[in-house]
Amino acid sequence: MENVAQDAPAPHTAGLPGGKNVAVELDDGIAWVRLNRPEKRNAMSVGLAEEMNQIFDALEIDDRCGVIVLTGVGTAFSAGMDLKDFFRATDGLSDVERQRAYRSTRAWQWRTLMNYPKPTIAMVNGWCFGGAFTPLICCDLAIADQDAVFGLSEINWGIIPAGVVSKAISTVMGDRQALYYVMTGEQFNGTKAVELGLVNEAVPADRLEQRTTQLARNLLGKNPTVLRQARAAYKYVREMNWEQAAEYLTAKADQTHFIDPEKGRAKGLQQFLDEKSFRPGLGNYARE
Ligand code: ACO
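If you're wondering where the values come from, they're calculated on a predicted model, not measured in any experiment.

Peer 1: Please set out a nonpolar patch on the surface residue by residue, giving values where relevant.
Peer 2: Taken together, the side chains of Leu269, Phe272 and Leu273 make up a nonpolar region of the molecular surface, amounting to roughly 270 Å² of accessible area. Mapped onto the fold, Leu273 is located in helix 11 (residues 264-274).

Peer 1: Report on the site of the ligand, specifying residues and quantitative values.
Peer 2: With respect to spatial proximity, 18 residues lie near the ligand, and among them Lys40, Ala79, Met81, Gly131 and Ser153 are the closest. Between Ala79 and the ligand, the recorded distance is 2.7 Å, taken from a backbone N or O atom to a nitrogen atom. A distance of 2.8 Å separates an oxygen atom of the ligand from a polar atom in the backbone of Met81. If the ligand stood free it would expose 930 Å²; the protein chains cover 61% of that surface. Elements represented by at least two residues in the shell around the ligand include exactly helix 2 (83-91) and strand 6 (127-129). Class assignment for the residues of the shell around the ligand results in nine nonpolar, four polar and five charged.

Peer 1: Describe the sheet that holds strand 3 (residues 65-72), listing the residues and the values that go with them.
Peer 2: Taken in spatial order, the six strands of this open sheet run 1-2-3-5-7-10, and their pairing is mixed. Of all the strands in the sheet, the pair left with one neighbour each is strand 1 (22-27) and strand 10 (201-203). Within this sheet the neighbouring strands show an average axis-to-axis angle of 20°, counted without direction. With seven bridges joining them, strand 2 (residues 29-35) and strand 3 adopt parallel strand pairing. Within strand 3, the position partnered with Gly29 by the bridge is Cys65.

Peer 1: Any details on the pairing of strand 5 (residues 120-124)? Residues and values, ideally.
Peer 2: Most of strand 5 sits out of view: five of its five residues are buried. Neither face of strand 5 is left uncovered, since the one carrying Thr120, Ala122 and Val124 and the one carrying Ile121 and Met123 both have all their residues buried. When strand 3 meets strand 5, the two strands line up parallel, connected through three bridges. Note on strand 5: the bridge partner recorded for Leu70 is Ala122. In this sheet, strand 7 (residues 141-145) lies alongside strand 5 in parallel orientation, the contact comprising four bridges. Looking across to strand 7, one finds that Val124 is bridged to Ala144.

About the thresholds
Sequence order as written defines the numbering, with residues in each chain counted from 1. Reporting in this predicted model follows two pLDDT cut-offs: at least 70 for local features of residues, and 80 or more for side-chain atom pairs to be given and counted; totals over whole chains, interfaces and linings ignore these cut-offs and use all residues. Calculated side-chain values reflect all of the structure's heavy atoms, with hydrogen atoms and water omitted. Patches draw on residues past 30% relative accessible area with no salt bridge. Two like charges within 9 Å are joined, as are two nonpolar side chains (Val, Leu, Ile, Met, Phe, Trp, Tyr) within 5 Å. Note that accessible areas follow from Shrake-Rupley with a 1.4 Å probe, and for residues the cover is restricted to the protein chains shown. Within this document, salt bridges are pairs made up of a side-chain nitrogen of Lys or Arg and a carboxyl oxygen of Asp or Glu, the two lying within 4 Å of each other. Strands are runs of DSSP state E lasting at least 2 residues, helices are runs of H or I lasting at least 4, and numbering of each runs from the N terminus. A single heavy atom is enough: if one lies within 4 Å of a molecule or strand, its residue is considered near that molecule or strand. Counted as a polar contact is a pair of N or O atoms within 3.5 Å, where, for protein atoms, one must be capable of donating a hydrogen and the other of accepting one, and residues adjacent in sequence contribute only when both atoms are in side chains. Any residue outside Ala, Val, Leu, Ile, Met, Phe, Trp, Tyr, Cys, Pro, Asp, Glu, Lys and Arg is labelled polar, Gly included; the first ten of those are nonpolar and the last four are charged. If DSSP finds at least two bridges between two strands, the strands pair. Axis definition: a line fit to C-alpha positions, over the contact stretch in the case of helices; interaxial angles, taken between N-to-C directions, run 0 to 180 degrees. Partly exposed describes any residue whose relative accessible area lies between the buried limit of under 20% and the exposed limit of over 50%, with all areas from a 1.4 Å probe on protein chains only and scaled to the type maximum.

The structure is reproduced here in structure tokens:
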């Protein structure tokens, strides 16, 4: 596969892959991963997907990264799939060739993101259309500019919300709301996106980075092993019945206790029950 990263040395990649279509900045535990095609409103091309896959692979094992924030450079989070590079350019390909082009996008947008071992926050800073809903929804949490503009615009230009967009929206939006936007292609803002369950919060543009950083710092304060296990457990039990979920969660809790190098459970119990030095209802146990 072509190594897009080597085409243009990166201005902001913190020694990581990428640099042409994606910029990465590492800041005190937070990896800011920015779609970086502002002149194309961060439309997602095949090249961008290949860089994203390399970056997520690298950040997974990079100790400088505890939390990922996914966002865009300029006025867009992302204007969706690149209609030229992704659609028109793949129109003439055989089905097998087309599947190869899709593979890299499917990898980063949902297969990797939805089960990523580190917490992820989408920070929606502007336009967010169509295919951009997939990585947005597959991040664990999302904060939006209250004036960001969202839309399932597929119907407006004659396609259905494909890739895996229709599936993704069905995991966070109710059927009435999802179908309304699938069928009308109407735009909505960040405040409405909260109401629809697409994002956690919407804030004014001048508070977006500050609030996102605050949330990321909160996550960095948690026991990372327990946080990873808690996220995974939640995502897997959604597909299970109650009996299976109870069995699985018991085993997952035991596994977490077993693999946690920090032995958080024992520390938490000791600090609350014996030392009476903290209250779990009100904050974290002392990790040092
Ligand atoms: N694919 C390819 N190119 C794009 C895309 C896209 N999704 N979005 C924007 N661009 C390009 C434009 O063609 C233009 O290129 P040019 O400078 O070479 O002419 C450049 O980005 C700037 O776009 P403008 O439309 O001029 O920017 P503006 O700020 O006025 O509007 C907006 C922004 C509303 C996002 C508009 O660009 C737009 O409607 N984009 C398409 C949104 C969309 O429907 N995406 C597809 C969703 S469906 C899917 O993802 C499968």
